[in-house]
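Residues per chain, in single letters:
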Amino acid sequence: MKLKVMPELPEVETVASGLAKHIVGLKITDVRVNLPKLINLKPALFRKSLLGRRITAVRRRAKVIIIELSRSKRIERIKRNNLNQINRLDQLTEYLVIHLKMSGQLMYLRPADSVQKHTHIIITLSNGRHLRFRDQRQFGYVRFYDRAGFESFLAEHSFGPEPLDGFSLSDFRELLKSRPHSKIKPLLLDQTFIAGIGNLYADEILFYARVHPLKPAGRLKPVEVKDMYVGMQKILRKAIKERGSSVELYVDADGRPGNYVRYIKAYDREGKPCLKCGRKIIRIKIGSRSAYFCPKCQPR
DNA sequence: CGATTCCCCTGATAGC
DNA sequence: TGCTATCAGGGGAATC
C-alpha cells in the first residue's frame, strides 16, 4: 500500500508528545546542519544560538512543533539574585519551531543509528542521543526564535482556533458564518480559519458528515454543521489515540508508524467502494488538491 | 479583504 | 534498459 500521508494535527501531536517524554530536561550539546536553506539563520549562528540551551517543553500549534528552550545561565542568575520575576523568565524563553510540511520527520535516535538519506539537521543532546530532522522534499523548516521573533512568527501566521482545544459547536458555527462563500473543503485546509487540518482529515470529516467538498460554507444545513463538528472531534481524537496515520514517509518520534490508516474511509480511496453505500469513491481537483468523496453520500 | 495560480522539491510512475 | 515528462502536495508569495 502506497499511501502518501502528510503530517497533520494528529501526526504532529504524536511527534510532539512522543518527543517531549524523551527530551524535556536535556541540554543541546551539538548542532550540525547539512542543508542551510531549511533554517532561518546562518549555520554558525544557528548552532551558537542553540548550544547549551535546555529543553523545557515540546508542544504543538497548528501543524507546527514548538520546542521551548531556556538559557540556564541567565535563569540561574535571576534565581540567585532572588528576583521574583516569573515574567522575566518568560521573556527569556527561546524557541525551535519545526514544520514537517509534506515529508519531514523529527526523530529521537541513538548516535549509532544509521544516518538515513535526507537527514538535514542533527542536534546532539546531553544524554548523547540525537534529534534528527529529515525531509525528502525539503519543504519543511527548523527555525530558532527569541521571544520577540516567536511572537512575530505567530502573528504572521495568525493561526485559527485549535479544533480540540475548548472549541465548541457554537464556535464552529460562528466561524463558518465569517466565510459563507468559501467552499468548505479549502476552508478546512485554511490554517488561518482552523488550525491543524490537512487533506486527509478534511476528507474524512466531510465523508463523516456527508458533505460535498465544494459546498459553500454558508449553505451548510445546521445538521451538516453539527455532523462536521462531531466528526472533527471524533476523527481527530481517534487519530491521536492511534498515533496518527502513516505508512511510508511519516514516522513518529519513536520511529513507530501510526495506526489510523486502518480507519480511513475516503482519502486516497479513488475507485474503491464507499464503506456506507458501495458506490465508487471519486477524486476531483479543488485548486491543486485532490478531494476524495462519495458522490452518492456527499451530494452537491 | 478573498480567491486563484504558481512554485519550492524528490521520487514514483507512465510513456517511448 | 534507461531516458524524459508528469504528477503529488503544505503553504508562502504573487496576482487579480
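Up top you'll find the structure we're talking about.
Residues numbered from 1 in each chain as written. Chains lettered and ligands numbered in written order. Predicted model: local features only at pLDDT ≥ 70, side-chain atom pairs only at ≥ 80, totals over all residues. Heavy atoms only, no water.

Moving on, we get to the overall build of chain A. From N to C terminus, chain A includes nine helices and 10 strands. When burial is assessed residue by residue, chain A has 51% of its 300 residues classed as buried. Within chain A, contacts between residues separated by at least 24 positions form 66% of all contacts whose residues are at least 6 apart in sequence. Here chain A displays about 14500 Å² of accessible surface, and carbon together with sulfur accounts for 50% of that area. (Helix = DSSP H or I, 4+ residues; strand = E, 2+ residues; numbered from the N terminus. Buried < 20%, exposed > 50% of the residue type's maximum accessible area, 1.4 Å probe, protein only. Contact = heavy atoms within 4.5 Å. Areas by Shrake-Rupley, 256 points an atom, 1.4 Å probe, with all protein chains shown as cover.)

So, about the protein's contact with DNA strand C. Lining the immediate surroundings of DNA strand C are 16 residues, of which Lys63, His99, Met102, Arg137 and Arg289 lie closest. Each atom of DNA strand C within 4 Å of the protein was assigned to sugar, phosphate or base; sugar and phosphate come to 58%. In the environment of DNA strand C, a phosphate oxygen lies 2.9 Å from a nitrogen or oxygen atom belonging to the side chain of lysine 285. Breaking the surface near DNA strand C down by element, the ones donating at least two residues are strand 9 (282-286) and strand 10 (289-293). In the surface near DNA strand C, the residues fall into four nonpolar, five polar and seven charged. (Near = heavy atom within 4 Å. Polar contact = N/O pair within 3.5 Å; in protein donor to acceptor, adjacent residues only side chain to side chain. Nonpolar A, V, L, I, M, F, W, Y, C, P; charged D, E, K, R; others polar.)

In this section: the sheet that holds strand 5 (residues 104-109). Sheet architecture is open: four strands sit in the order 1-6-7-5, paired in antiparallel fashion. Here the strands that pair on one side only, and so sit at the sheet edges, are strand 1 (28-33) and strand 5. In this sheet, adjacent strand axes meet at a mean angle of 15° when their direction is disregarded. Where strand 6 (residues 119-125) lies against strand 7 (residues 130-135), five bridges are found, and the strand directions are antiparallel. Of the residues in strand 7, the one forming a bridge with isoleucine 123 is leucine 131. In this fold helix 1 (residues 9-23) packs onto strand 5, strand 6 and strand 7, with an angle of close to 25° to the strand it touches most, strand 5. Most of the contacts of helix 2 (residues 43-50) go to strand 1, to which it runs at about 165°, and overall it touches strand 1 and strand 6. (Pairing = 2+ DSSP bridges. Axes fitted to C-alpha atoms, helices over the stretch in contact; angles between N-to-C directions.)

Before going further, it helps to spend a moment on the pattern of salt bridges. If you walk through the whole model with that rule in mind, you get 14 salt bridges. Of the charged contacts in the structure, one is a salt bridge between arginine 47 and aspartate 30, with a shortest N-O distance of 2.9 Å. Of this pair, arginine 47 sits in helix 2 while aspartate 30 is found in strand 1, placing the two residues 17 residues apart along the sequence. The partly exposed category is assigned to arginine 47, whose relative accessible area is 35%. Residue aspartate 30 is classed as partly exposed on the basis of its relative accessible area, which comes to 31%. (Salt bridge = Lys/Arg side-chain N within 4 Å of Asp/Glu carboxyl O.)

The antiparallel open sheet is built from four strands, whose spatial order is 2-3-4-8. One side of each edge strand has no neighbouring strand; the edge strands of this open sheet are strand 2 (54-61) and strand 8 (141-145). Between one strand axis and the next, the sheet turns through 20° on average, direction left out of account. Inspection of the sheet shows strand 3 (residues 64-70) paired to strand 4 (residues 94-99) by six bridges, in the antiparallel sense. Looking at the pairing, isoleucine 65 lines up with isoleucine 98 of strand 4. Where helix 1 meets the sheet, it contacts strand 2 and strand 3, and its direction lies at approximately 165° from that of strand 2.

Before going further, it helps to examine helix 9 (residues 222-241). If you check helix 9, its first and last C-alpha atoms are 29 Å apart, about what 20 residues at 1.5 Å a residue would give, namely 28 Å. Those residues of helix 9 that are buried are in contact with helix 1, helix 6 (169-177), helix 7 (184-189) and helix 8 (199-209). Arginine 243 sits one or two residues past helix 9 and shows a positive phi near 65°. (Expected span 1.5 Å × (residues − 1).)

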